[in-house]
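# Understanding the architecture of this molecule
Spelled out from the first residue to the last, the chains are:
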Amino acid sequence: MATLTTEQIEQKKQQLKQLAEEVKQLKDELVEAGAWPFDEKDLNDAAGGLYIPDIRPVDKHNPHLNPFPHKFM
(Lines give C-alpha, C1' and ligand atoms only; values in the text may rest on other atoms or scores of the structure.)
Protein backbone atom coordinates (compact mmCIF):
# COMPACT_ATOMS: atom_id res chain seq x y z
CA MET A 1 0.00 0.00 0.00
CA ALA A 2 1.35 3.41 -0.95
CA THR A 3 2.09 5.94 1.74
CA LEU A 4 0.94 9.44 0.94
CA THR A 5 1.91 12.69 2.60
CA THR A 6 -0.77 14.97 3.98
CA GLU A 7 -0.17 17.30 1.03
CA GLN A 8 -0.55 14.45 -1.49
CA ILE A 9 -3.78 13.35 0.18
CA GLU A 10 -5.19 16.88 -0.06
CA GLN A 11 -4.16 17.08 -3.73
CA LYS A 12 -5.89 13.74 -4.43
CA LYS A 13 -9.03 14.91 -2.64
CA GLN A 14 -9.07 18.12 -4.69
CA GLN A 15 -8.50 16.18 -7.90
CA LEU A 16 -11.35 13.82 -7.01
CA LYS A 17 -13.64 16.77 -6.28
CA GLN A 18 -12.82 18.35 -9.66
CA LEU A 19 -13.41 15.08 -11.49
CA ALA A 20 -16.73 14.56 -9.69
CA GLU A 21 -17.83 18.04 -10.77
CA GLU A 22 -16.83 17.28 -14.35
CA VAL A 23 -18.76 13.98 -14.30
CA LYS A 24 -21.83 15.75 -12.92
CA GLN A 25 -21.62 18.38 -15.67
CA LEU A 26 -21.30 15.71 -18.36
CA LYS A 27 -24.23 13.77 -16.92
CA ASP A 28 -26.38 16.90 -16.76
CA GLU A 29 -25.61 17.61 -20.42
CA LEU A 30 -26.56 14.05 -21.37
CA VAL A 31 -29.79 14.23 -19.37
CA GLU A 32 -30.67 17.50 -21.08
CA ALA A 33 -29.99 15.92 -24.47
CA GLY A 34 -32.19 12.94 -23.61
CA ALA A 35 -29.26 10.53 -23.76
CA TRP A 36 -29.20 9.48 -20.08
CA PRO A 37 -29.45 6.88 -18.71
CA PHE A 38 -27.42 4.82 -21.14
CA ASP A 39 -28.90 1.78 -22.78
CA GLU A 40 -27.29 -1.47 -21.58
CA LYS A 41 -26.40 -2.34 -25.16
CA ASP A 42 -24.59 0.98 -25.59
CA LEU A 43 -22.62 0.39 -22.39
CA ASN A 44 -21.65 -3.11 -23.46
CA ASP A 45 -20.61 -1.87 -26.90
CA ALA A 46 -18.49 0.90 -25.35
CA ALA A 47 -16.82 -1.63 -23.07
CA GLY A 48 -16.18 -3.99 -25.97
CA GLY A 49 -18.57 -6.55 -24.59
CA LEU A 50 -21.38 -8.47 -26.12
CA TYR A 51 -25.02 -7.62 -25.57
CA ILE A 52 -26.91 -10.66 -24.39
CA PRO A 53 -30.54 -9.79 -23.66
CA ASP A 54 -32.13 -11.19 -20.54
CA ILE A 55 -34.67 -13.73 -21.84
CA ARG A 56 -35.57 -15.33 -18.53
CA PRO A 57 -39.31 -15.58 -17.92
CA VAL A 58 -40.87 -13.08 -15.56
CA ASP A 59 -43.65 -13.94 -13.15
CA LYS A 60 -45.42 -10.73 -12.14
CA HIS A 61 -47.39 -12.61 -9.47
CA ASN A 62 -44.29 -14.00 -7.77
CA PRO A 63 -41.62 -11.28 -7.52
CA HIS A 64 -39.16 -13.74 -5.94
CA LEU A 65 -38.79 -15.39 -9.33
CA ASN A 66 -38.01 -12.08 -10.99
CA PRO A 67 -34.28 -11.25 -10.84
CA PHE A 68 -34.92 -7.59 -11.72
CA PRO A 69 -38.25 -6.61 -10.16
CA HIS A 70 -37.78 -2.89 -10.80
CA LYS A 71 -37.61 -3.49 -14.56
CA PHE A 72 -40.85 -5.39 -14.95
CA MET A 73 -43.22 -4.48 -12.16
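Computed from a predicted model, the values in this text were never measured in an experiment.

Once that is clear, we can look at a nonpolar patch on the surface. On the surface, V31, W36, F38 and L43 cluster together to form a nonpolar patch covering roughly 340 Å² of accessible area. If you trace the backbone, W36 turns up in the loop between α1 (6-32) and α2 (40-46). Judged by relative accessible area, W36 falls into the partly exposed class, the value being 35%.

Our focus in this paragraph is α1. Taking 1.5 Å of rise per residue, the 27 residues of α1 would be expected to cover 39 Å, and the 39 Å separating its terminal C-alpha atoms lies within 8% of that figure. Downstream of α1 by a residue or two, G34 has a phi angle that is positive, lying close to 80°.

Here is what the cut-offs are and how they apply
- Residues numbered from 1 in each chain as written.
- Predicted model: local features only at pLDDT ≥ 70, side-chain atom pairs only at ≥ 80, totals over all residues.
- Heavy atoms only, no water.
- Patch = residues over 30% accessible without salt bridge, like charges linked within 9 Å, V, L, I, M, F, W, Y side chains within 5 Å.
- Areas by Shrake-Rupley, 256 points an atom, 1.4 Å probe, with all protein chains shown as cover.
- Salt bridge = Lys/Arg side-chain N within 4 Å of Asp/Glu carboxyl O.
- Helix = DSSP H or I, 4+ residues; strand = E, 2+ residues; numbered from the N terminus.
- Buried < 20%, exposed > 50% of the residue type's maximum accessible area, 1.4 Å probe, protein only.
- Expected span 1.5 Å × (residues − 1).

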